[in-house]
Amino acid sequence: MYQQMIFVNLPVADVGTSKKFFTELGYAINPQFSDDNTACVVISDTIVVMLLNRPRYADFTKKEIADATKTSEVLLCLSAESRAKVDELVDKAFAAGGTPSGETQDHGFMYGRSFDDLDGHTWEVVWMDPAAVQS
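Residues numbered from 1 in each chain as written. Predicted model: local features only at pLDDT ≥ 70, side-chain atom pairs only at ≥ 80, totals over all residues. Heavy atoms only, no water.

### What about the nonpolar core?
Counting residues in hydrophobic clusters, the biggest one holds 26 residues, and the most contacted among them are Phe22, Leu25, Tyr27, Val49, Leu51, Phe115 and Trp123. Taken together, the elements giving at least two residues each to this core come down to β1 (6-12), α1 (15-24), β3 (38-42), β4 (47-53), β5 (75-79), α3 (83-95), β8 (110-116) and β9 (122-128). Among the elements that line this core, the one with the most residues is α3, at 4 residues. What Phe22 contacts, discounting residues up to four positions off in sequence, is Tyr27, Val41, Leu51, Asp117 and Trp123. (Core = buried A, V, L, I, M, F, W, Y, C linked by side-chain atoms within 4.5 Å. Buried < 20%, exposed > 50% of the residue type's maximum accessible area, 1.4 Å probe, protein only. Helix = DSSP H or I, 4+ residues; strand = E, 2+ residues; numbered from the N terminus. Contact = heavy atoms within 4.5 Å.)

The following block contains the structure:
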């Protein structure tokens, strides 16, 4: 069966620093699609984040590039397999230089935390009890 993928493109100030940040979270960089201007971060088999320095990002849009430290342009949300995995990933982000974004959300059946990466992009990490989504 065909698995649709998503490629999220984000502008970053420094590709090297951003690569280090995401590898510290445990993600791999695909060197085949990375260079001095771009880093291809493999989140999963179907999720890839392309980190582009601002001039390279500008090659793909005629719009003004948002400064994510001042303006929210996107909220990225990743699932986690458990509450502990939510905490693990977010704590790694903080240790790597990320900053808290919003309050911890604990609804019993759903648990989430969030962080801003080095360029201000907001990442949410959420666990949901599988029994809560079964019909």
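From this point, the discussion proceeds with the structure in view.
### Here's the deal with α1
Taken as a whole, α1 has its buried residues at Val15, Ser18, Phe21 and Phe22. Buried residues of α1, viewed axially, fall in a sector of 120°; they line one side. For α1, the capping residue at the N-terminal end is Asp14, with a side-chain oxygen 3.0 Å from the backbone nitrogen of Gly16. (Arc of directions from axis to C-beta. Polar contact = N/O pair within 3.5 Å; in protein donor to acceptor, adjacent residues only side chain to side chain.)

### Quick word on the pattern of salt bridges
In total, this model carries 8 salt bridges according to the counting rule given. Residue Asp59 pairs with Arg56 through a salt bridge whose shortest N-O separation is 2.9 Å. For Lys85, the salt bridge goes to Glu88, with nearest N and O atoms at 3.5 Å. With a gap of 3 residues between them, Lys85 and Glu88 both fall in helix α3, about one helical turn apart. Classification of Lys85 by relative accessible area gives partly exposed; the value is 35%. In this structure, a network of salt bridges that share partners links the residues Lys85, Glu88 and Lys92. (Salt bridge = Lys/Arg side-chain N within 4 Å of Asp/Glu carboxyl O.)

### Considering the pairing of β3
Among the 5 residues in β3, 4 count as buried, and that is most of the element. Inspection of the sheet shows strand β2 (residues 28-29) paired to β3 by 2 bridges, in the antiparallel sense. When the sheet's bridge partners are listed, Ala28 is paired in β3 with Val42. Inspection of the sheet shows β3 paired to β4 by 5 bridges, in the antiparallel sense. Paired with Cys40 across the two strands is Met50, which belongs to β4. (Pairing = 2+ DSSP bridges.)

### Here we look at the sheet that holds β1
Two pairing modes exist for strands in a sheet, parallel and antiparallel, and in both the strands are linked by backbone hydrogen bonds. Spatial ordering of the open sheet is given by β1-β4-β3-β2, a layout of 4 strands whose pairing is mixed. Of all strands in the sheet, those bounded by a partner on one side alone are β1 and β2. Across the face of the sheet, α1 comes into contact with β1, β2, β3 and β4 while running at roughly 155° to β4. (Axes fitted to C-alpha atoms, helices over the stretch in contact; angles between N-to-C directions.)

### Looking at the packing of aromatic side chains
Tallied over the full model, the rule gives 3 aromatic pairs. With centroids separated by 6.2 Å and ring planes inclined at 55°, the aromatic side chains of Phe21 and Phe115 adopt a geometry described as tilted. Of this pair, Phe21 sits in helix α1 while Phe115 sits in strand β8, and the two are 94 residues apart along the sequence. By relative accessible area, Phe21 is classed as buried at 2%. Residue class for Phe115 comes out buried when judged on its relative accessible area of 2%. A ring pair is formed by Phe22 and Trp123, whose centres lie 5.6 Å apart and whose planes are at 65°; its orientation type is edge-to-face. Of this pair, Phe22 sits in helix α1 while Trp123 is found in strand β9, placing the two residues 101 residues apart along the sequence. When its relative accessible area of 2% is taken as the criterion, Phe22 is described as buried. Taken together, the ring pairs in this structure connect Phe21, Phe22, Phe115 and Trp123 into an aromatic cluster. (Phe/Tyr/Trp six-rings, centres within 6.5 Å; stacked < 30°, edge-to-face > 60°.)

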